[in-house]
Amino acid sequence: MNEKNTIGDIIKVLEQYAPIPYQESYDNSGLQTGYASDEVKGVLLTLDCTEEVIEEAIAKGCNLVVAHHPVIFKGLKSLTGRSYVERTIIKAIQNNIAIYACHTNLDSVHNGVNAKIAEKLKLQNTHLLTSKPHTLMQLAFFVPVENTDEVLAAIHKAGAGQIGEYSDCSFQVQGTGRFLPSENADPTIGKPGKPEQVAENRVEVIFPAFKQQRIMQALMEAHPYEEVAHFLTLLENGNQEVGIGMIGELAEPMQEQEFLDYLKKHMQLSVIRYAPVGDKKIKRVAVCGGSGSFLIKDAMRQGADAYVTADVKYHEFFDAEGKLLIADIGHYESEVFTKEIFYDTISKNFANFAVYLSEVNTNPIRYT
């Protein structure tokens, strides 16, 4: 008998890949319609959720649509079918179809939207163009030497000490802990009213800030002391796994027109708006899916020869000053391959229901 998976199971996997706390403050990622407890019958993957996409989900027998762009982005005061957003939501609810959006949180993770563009362009030696501060915390605590491994194992399991490709990371130094339990205390070591000293380790770990609650719970449950001495610090450090944009290198430098042709081929483009750089060869390439003009200066500071993004305004092309090839490939075109991230993530973890890439072209822009 096949195991039945719920929509919540799908959400859990997607949010392990792109945690909701990494979305921007203005965003609305997450479950937008439907019940997480419903059994999954089929999943349709799309960039945008429109009426046509919901109709496709119905035709394919899917009761979950996973989209990059949230269909509910601004507040809705009524559902009367006056706009495509309202009609899409009504149709989804009428047909018991859940809609889940994974937007700027997927933009922000190092293996998300921008990594997919870099993959399509075959960029090498890639890293984030900018990293986000205030997404990491440091925990320092004191624990008896003999209990250190047990406590560390518990907080590592909860998510502490993961740094890039390294797990179970910590720092510890041994010293002597001194304390005087009150008459009302129930000390693990020592007796009430009598001074005590214990060989202890000071242990330090780093973890994503959004995991604070579960890590602190694991610490308190595993630690032998009645009162756990600890310190929590929000770090200024940029997070090497969380940020916007990506930069890497082509295998071989290219002339301007050669690079533009390469870009068209690998991103399946019919047109590119660009600011030229003339005879300068293109080797180092920065990318940002969607509206990325705010990163032009960052691309220049990182030494990019070209910057691939979308939604660049007229006056923003001047910012290149002839030093950076700015290639505006279109919002839809820069993010349409996001569906492949969803497909790979879901297919790798589940095998008992159908997963489809939407065949609907949701791009509202046409070229002539």
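Here the residue numbers are simple positions, counted from 1 along each chain's written sequence. Residue-level local features of this predicted model are given only where pLDDT is at least 70; pairs of side-chain atoms are given and counted only at 80 or more, and the full residue set underlies all totals for whole chains, interfaces and linings. Values reported for side chains reflect all heavy atoms of the structure, with hydrogen atoms and water molecules removed beforehand.

**A closer look at the overall build of the chain**
Broken down by element type, the chain carries 11 helices and 15 strands. In terms of its C-alpha atoms, the chain occupies a principal-axis envelope of roughly 85 × 55 × 40 Å. In the chain, which comprises 368 residues, the proportion classed as buried is 49%. Only heavy atoms enter the contact rule, under which two residues are in contact if any of them lie within 4.5 Å. Considering only contacts in the chain between residues 6 or more positions apart, those separated by 24 or more positions represent 73%. The protein chains shown are the only cover counted for residues, whose accessible areas, like all others here, come from Shrake-Rupley with a 1.4 Å probe. Surface exposure of the chain reaches about 18,900 Å², of which carbon and sulfur atoms provide 49%. Between the mean site of the 34 positive side-chain charges and the mean site of the 48 negative ones, the chain shows a separation of 4 Å. Helix and strand definitions here come from DSSP, where helices need a minimum of 4 consecutive H or I residues and strands a minimum of 2 consecutive E residues; each element is numbered from the N-terminal end. Only protein chains enter the accessibility calculation, which uses a 1.4 Å probe. A residue is then buried if its area is under 20% of the maximum for its type, exposed if over 50%, and partly exposed in between. The positive count covers Lys and Arg only, the negative count covers Asp and Glu only, and His and the chain ends enter neither. Charge positions are represented by NZ for Lys, CZ for Arg, CG for Asp and CD for Glu.

**Focus on helix α2 (residues 51-60)**
Considered for burial, the residues of α2 that qualify are E51, V53, I54, E56 and A57. Looking at the buried residues of α2, the elements they touch are β2 (42-46), β3 (64-67), α3 (84-94), β4 (98-101) and β15 (354-357). Two residues or fewer past α2, G61 is found with a positive phi of approximately 75 degrees.

**Some remarks on the pairing of strand β8 (residues 196-208)**
Bridge analysis of strand β6 (residues 136-144) against β8 gives 9 bridges, and the strand direction is antiparallel. Across the sheet, residue L139 finds its bridge partner in β8, namely V205. Pairing between strands requires that DSSP locate at least two bridges from one strand to the other. In this structure, strand β7 (residues 171-179) lies alongside β8, joined through 9 bridges in antiparallel fashion. The residue bridging G177 from the neighbouring strand is V198, located in β8.

**Some details on the sheet that holds strand β13 (residues 306-310)**
Spatial ordering of the open sheet is given by β5-β10-β12-β13-β14-β11, a layout of 6 strands whose pairing is mixed. Lying at the two open borders of the sheet, with one neighbouring strand each, are β5 (124-132) and β11 (273-275). Taken over all neighbouring pairs, the strand axes of this sheet differ in orientation by 25 degrees on average, direction set aside. Of the strand pairs in this sheet, strand β10 (residues 239-254) and strand β12 (residues 282-291) are connected by 5 bridges, and their pairing is antiparallel. Counted as the bridge partner of M246 is V287 from β12. Fitted lines through C-alpha atoms serve as axes, helices being fitted only where they are in contact, and the angles separating the N-to-C directions of these axes extend from 0 to 180 degrees. Sitting on the sheet, helix α8 (residues 256-267) touches β10, β11, β12, β13 and β14 (325-328), and the angle it makes with β10 is about 120 degrees.

**With respect to the environment of V277**
Looking at the secondary structure, you find V277 in the loop between β11 and β12. Sequence separation between V277 and L324 is 47 residues, and the spatial gap between their C-alpha atoms is 6.2 Å. Beyond its immediate sequence surroundings of up to four residues, V277 is in contact with E256, I282, G322, K323, L324 and L325.

**A look at unusual backbone geometry**
Positive phi outside glycine occurs at N96, with the angle close to 55 degrees. Note on N96: relative accessible area 46%, which makes it partly exposed.

**Considering the state of the cysteines**
Here, the term disulfide refers to a pair of cysteine sulfur atoms separated by no more than 2.5 Å. Applying the stated rule across the entire model yields 0 disulfides. Free of any disulfide, C288 has its nearest cysteine sulfur in C102, 16 Å distant. On the basis of relative accessibility, which here comes to 3%, the residue C288 falls in the buried class.

**Notes on the nonpolar core**
In these notes, a set of buried Ala, Val, Leu, Ile, Met, Phe, Trp, Tyr and Cys residues joined through side-chain atoms within 4.5 Å is what counts as a nonpolar core. Judged by nonpolar contacts, the single largest core of 28 residues is most densely connected at L121, F259, L263, V285 and V308. Elements that contribute at least two residues to this core include exactly α5 (113-120), β10, α8, β12, β13 and β14. Looking at this core element by element, the count peaks at 5 residues for α8. Not counting chain neighbours up to four residues away, the residues in contact with V308 comprise L121, F259, L263, V285, A286, V287, C288, A327 and I329.

**Here we look at the sheet that holds β2**
Pairing is mixed in the open sheet, where 5 strands are placed in the order β1-β4-β3-β2-β15. Because the sheet does not close on itself, it has two edges, and the strands there are β1 (30-33) and β15. Across the sheet, the axes of successive neighbouring strands diverge by a mean angle of 25 degrees, strand direction being ignored. In the packing of α2 onto the sheet, the strands contacted are β2, β3, β4 and β15, and the crossing angle to β2 comes to about 150 degrees.

**A closer look at the layout of surface pockets**
Residues are said to line a cavity or pocket when one of their atoms sits within 4 Å of a point; the points come from a 1 Å grid over protein atoms alone, cavities being sets where a 1.4 Å probe fits but cannot get out and pockets being open sets with protein on both sides within 12 Å along at least five of seven lines. Grid points are joined across faces, edges and corners, and a volume is the space filled by probe spheres set on the points. Space inside the largest pocket adds up to approximately 980 Å³. Lining the largest pocket are 39 residues, with Y22, Q162, P208, K211 and E241 sitting closest to its centre. Only α1 (7-17), β5, β8 and β10 provide two or more residues apiece to the lining of the largest pocket. Here the residues of the lining of the largest pocket sort into 17 nonpolar, 15 polar and 7 charged. Of the volumes computed, that of the second largest pocket is approximately 520 Å³. Y26, H69, F73, H103 and H331 are, among the 25 residues lining the second largest pocket, the residues nearest its centre. Residue assignment for the lining of the second largest pocket shows that the elements contributing at least two residues are α3, α4 (104-108), β12 and α10 (331-335). Looking at the lining of the second largest pocket residue by residue, the class counts come to 12 nonpolar, 8 polar and 5 charged. Residues are grouped as follows: Ala, Val, Leu, Ile, Met, Phe, Trp, Tyr, Cys and Pro are nonpolar; Asp, Glu, Lys and Arg are charged; every other residue, Gly included, is polar.

**Notes on the pattern of salt bridges**
Salt-bridge detection follows one rule: a side-chain nitrogen of Lys or Arg within 4 Å of a carboxyl oxygen of Asp or Glu. Using the criterion set out here, one finds 15 salt bridges in the structure. K323 is paired through a salt bridge with E321; the nearest N and O atoms lie 3.9 Å apart. Several salt bridges share partner residues, and in doing so they unite K116, E119, K120 and E340 into one network.

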